[in-house]
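Spelled out from the first residue to the last, the chains are:
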Amino acid sequence: MAAALTLHPGSAQAADDTFVTGFDPSAFTAGLPTDGDSLRASSILANANRYALTTWWTTAKDFDAQTGTYLDFGGVVENNIRPPASEAYALAVALQTGQYDPAVTGVPEADARAIATKLVRSLAHRHRVNTAGGWGYGWQTAYWTALAGTAGWLLWDDLGTGDREQVRKMVEYEANRFIGWHAPYLKDRTGALARPCGDTAAEESAWNARLLFLAPVLMPQHSRRSGWTYKANELSVGAFARPADLTDATDVRGRPLRDWLEGSNVDDDGALLNHSQYHPDYMTTITESMSGAFVPALAGRPVPANALHGANLQYDAMVDKHWWPAPLPLPCPDSPSYKAPGANNPNGTIYVDGTETLYYPHGWEAGPLRHAAFSTLDTIVRAFGLDDLVAEKAGTWEDLHAQHVLAMQQRPLAGGAPSDGRFYRADGEDIYQGREEWVAARAAEAWLAKWLTHQGALGQTNAADQIVIDDRDRGVTMTGTWTPGSPASNGPQVFGPSVRYKTAGTGTSSVRFTPRMSHTRSYKVYAWWIAAPGQATNTPFTIAHTGGTSVVTKNQQTTGGQWVLLGTYSLGPGSYVQVNDNANGYVVADGILLDPS
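This write-up is about the structure you can find in this document. Just so it is clear, the model here is predicted, and its values are computed rather than measured.

Thoughts on the overall build of the protein
Then comes step 1: Of the regular secondary structure elements, the protein holds 16 helices and 20 strands.
Then comes step 2: The C-alpha atoms of the protein give a radius of gyration of 25 Å, which matches the 25 Å a tight globule of 597 residues would have.
Then comes step 3: In terms of principal-axis extent, the alpha carbons of the protein reach across some 80 × 60 × 45 Å.
Then comes step 4: Out of the 597 residues belonging to the protein, those deemed buried represent 60%.
Then comes step 5: Residue pairs at least 24 apart in sequence account for 76% of intrachain contacts in the protein once pairs closer than 6 positions are excluded.
Then comes step 6: For the protein, the exposed surface amounts to about 20900 Å²; the carbon and sulfur share of it is 52%.

Laid out in structure tokens, this is it:
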């Protein structure tokens, strides 16, 4: 059913779920950076795009042979979707920042733009929300959506009306499923494993946050914007959280760091386990949430400080942590053995002084030439000044690693033919099937760090933000039997993927929303429900606050699908908002929002 939605609590502006604001390049007037490091980053991206527009498009993928409106990617799994999404992103970044140079790629800008937009509209069209049986709603699909969606946002003015709507729906569909999502952790608050040993959730949370930084920028008047933003904050803070963070009272977006977290994903010294080994490649994936924060910067907004959480510690683990002699025992029963470092690296640091060489404590897994990820990490860390813990600063490492990336791109092809811009030559250099496209996305991120720095656009905010708890979130407890609902069965007013409702009773059945709070602060408290005839006109909401408890009744036959103010209260440890069934009709529990403004 339709609803008169509000944009956010305290706003008189009506929500518009279909309203989109595309990227405005005219807002950036500083031109292109001309320092040597930026020119090298530009060359790396130009080489990657030259390969994409020539060999990749015409031969590796043979997309030029497909003359229809939408490309057929040959399937719906990672190897089908992530590579073209990565290339669309890299091309869009180059085109819309003014970096694209046809003299380097050999392809006119108009043709490059046509290829980039065809990739974007095809990716959106092939998503399951737009085409039955399409890709989406799976592990890692939020990441592919972030890449394709960011490309679409950047190229908004190049897309037709129908294609714009398909991009919007793709991003909305993938973002909505994270409302109420339980942020995953390798270990819980007690230190016990919450996932299989050696399977950190760090990179998953980082790329999911990346999508959720995009969605509210793309759709700034969307009724679910508050839910997306809250979950972006939670996931980015938790992605590389360590055990010490669980007792840390440092303010992060208006609440203590410890209150954001339900576990940890890395060790206190920054060591990260994935695939049952201490894994440098996955340590670099902190750039996923950091790169996601470039989108607000491109929209003229400050970078959320939470997107950078843990980056300086991860970088210190790369540069200064001694991995040799090897720590014993092995971290997991199935961990590969430790590999001794070379004679020039007696302490086994991942970054090796004076050289581009990288040390992998258990030996490399995908291949020995993953330098694009490390040079991008160096560049972004440097842009944000997050090398404060390391002895040798990020600029030194960027010079070593980025120069190596450029040199690898410049190597002649088999038989001595000039390079076509690709990074890899032999199969054994990296076994990942989407390796060139992966390099292109990393190159785009490094260039954006340089370009946004030059534009003076990387200011940060740590301002207090809203807390949103959905009915399926952690911190929600139920007594009695509540019927679960969904947008499919209960209509579009459902806030996230689910809702709870129950027939009238005596008050013994309840849904309690309890945010983790170790501080005291004044909040405006809001509730969200779906409205329908037959629902209670006197649904009781109990607010437990620092001054006691208050009960507010609301008519749930009206004002559905929006945030409804319950009152302003001082909340602290033990505070909660509870809905019970002591009412004259069906009662609904969907979500609460706490606004510190």
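From this point, things continue past the structure.
Some remarks on the environment of Glu165
Then comes step 1: The residue Glu165 is located in helix α6 (residues 161-176) in this model.
Then comes step 2: Placed 146 residues apart in sequence, Glu165 and Phe19 show a C-alpha to C-alpha distance of 9.7 Å.
Then comes step 3: At a separation of 2.9 Å, a polar atom in the side chain of Glu165 contacts the side chain of Arg168.

Some thoughts on the nonpolar core
Then comes step 1: Of all hydrophobic cores here, the largest spans 178 residues; its most connected members are Leu119, Trp153, Tyr315, Tyr351, Phe384 and Leu452.
Then comes step 2: Not counting residues up to four positions away in its chain, the partners in contact with Trp153 are Thr21, Gly22, Phe23, Leu214, Val217, Leu218, Val295, Leu298 and Ala299.

Notes on the sheet that holds strand β15 (residues 539-545)
Then comes step 1: Pairing is antiparallel across the open sheet formed by five strands, whose spatial order is β10-β13-β18-β15-β16. The sheet terminates laterally at β10 (476-479) and β16 (548-554), the two strands that pair on one side only. The average undirected angle you get between the axes of adjacent strands in this sheet is 20°.
Then comes step 2: In this structure, β15 lies alongside β16, joined through seven bridges in antiparallel fashion. Bridged to His545 within β16 is Gly548.

Quick notes on the pairing of strand β18 (residues 576-580)
Then comes step 1: Across the five residues that make up β18, a large majority, five, are buried.
Then comes step 2: A two-sided burial pattern is seen for β18, the buried positions comprising Tyr576, Gln578 and Asn580 on one face and Val577 and Val579 on the other.
Then comes step 3: When β15 meets β18, the two strands line up antiparallel, connected through four bridges. Pairing of Ala544 across the sheet is with Tyr576, part of β18.

Some thoughts on the state of the cysteines
Between two cysteines, a covalent bond joining their sulfur atoms is known as a disulfide.
Then comes step 1: Overall, the coordinates contain one disulfide when judged by the stated rule.
Then comes step 2: Disulfide partner of Cys197: Cys332, at an S-S distance of 2.0 Å. Taking the torsion about the sulfur-sulfur bond, which here is approximately -85°, the covalent link between Cys197 and Cys332 counts as left-handed. Separated by 135 residues along the polypeptide, Cys197 in the loop between β1 (187-188) and α7 (202-218) and Cys332 in the loop between α12 (311-319) and α13 (371-384) bring together distant segments of the chain.
Then comes step 3: Relative accessible area serves as the criterion here: at 24%, Cys197 is assigned to the partly exposed category.

Some words on the packing of aromatic side chains
Then comes step 1: All chains considered together, the criterion is met by 23 aromatic pairs.
Then comes step 2: Through a chain of ring-to-ring contacts, the aromatic side chains of Phe23, Phe28, Trp153 and Trp451 assemble into a single cluster.
Then comes step 3: Directly above the ring of Trp323 sits Lys321, whose terminal nitrogen or CZ lies 4.7 Å from the centroid.

A look at the packing of helix α2 (residues 78-96) against helix α4 (residues 109-125)
Then comes step 1: For the pair α2 and α4, the least separation of the axes is 9 Å and the interaxial angle reads 140°. The angle between the axes of α2 and α4 places the two elements in the oblique class. α4 is crossed by α2, and the crossing has left-handed handedness. In this structure, α2 uses Ile81, Pro84, Ala85, Glu87, Ala88, Leu91, Leu95 and Gln96 to contact α4, whose residues at the interface are Glu109, Ala112, Arg113, Ile115, Ala116, Leu119, Val120 and Leu123.

Re the pattern of salt bridges
Then comes step 1: In the structure shown here, the tally under the stated rule is 30 salt bridges.
Then comes step 2: With a closest N to O distance of 2.5 Å, Arg210 and Glu288 form a salt bridge. You can see Arg210 sitting in helix α7 and its partner Glu288 sitting in helix α10 (residues 287-292), a full 78 residues away along the chain.
Then comes step 3: Here Asp430 ties to Arg370 by a salt bridge, and the two come within 2.5 Å at their closest N and O atoms. Taken as a pair, Asp430 in the loop between α14 (394-410) and α15 (435-454) and Arg370 in the loop between α12 and α13 lie far apart in primary sequence, 60 residues in all.
Then comes step 4: The exposure class of Asp430 is buried, given its relative accessible area of 2%.
Then comes step 5: Judged by relative accessible area, Arg370 falls into the buried class, the value being 10%.
Then comes step 6: Via salt bridges that share partners, Asp37, Arg40, Arg382, Glu398, Asp399 and Lys450 belong to a single interconnected network.

Basis of the calculations
- Residues numbered from 1 in each chain as written.
- Predicted model: local features only at pLDDT ≥ 70, side-chain atom pairs only at ≥ 80, totals over all residues.
- Heavy atoms only, no water.
- Helix = DSSP H or I, 4+ residues; strand = E, 2+ residues; numbered from the N terminus.
- Rg over C-alpha atoms; globule rule 2.2 N^0.38 Å.
- Buried < 20%, exposed > 50% of the residue type's maximum accessible area, 1.4 Å probe, protein only.
- Contact = heavy atoms within 4.5 Å.
- Areas by Shrake-Rupley, 256 points an atom, 1.4 Å probe, with all protein chains shown as cover.
- Polar contact = N/O pair within 3.5 Å; in protein donor to acceptor, adjacent residues only side chain to side chain.
- Core = buried A, V, L, I, M, F, W, Y, C linked by side-chain atoms within 4.5 Å.
- Pairing = 2+ DSSP bridges.
- Axes fitted to C-alpha atoms, helices over the stretch in contact; angles between N-to-C directions.
- Disulfide = S-S within 2.5 Å.
- Phe/Tyr/Trp six-rings, centres within 6.5 Å; stacked < 30°, edge-to-face > 60°.
- Lys NZ or Arg CZ within 6 Å of the ring centre and 35° of its normal.
- Parallel < 35°, antiparallel > 145°, perpendicular 65-115°, else oblique.
- Left-handed = near helix turned anticlockwise from the far one by under 90°.
- Salt bridge = Lys/Arg side-chain N within 4 Å of Asp/Glu carboxyl O.

The quantities given are spatial measurements derived from coordinates; they are silent on function.
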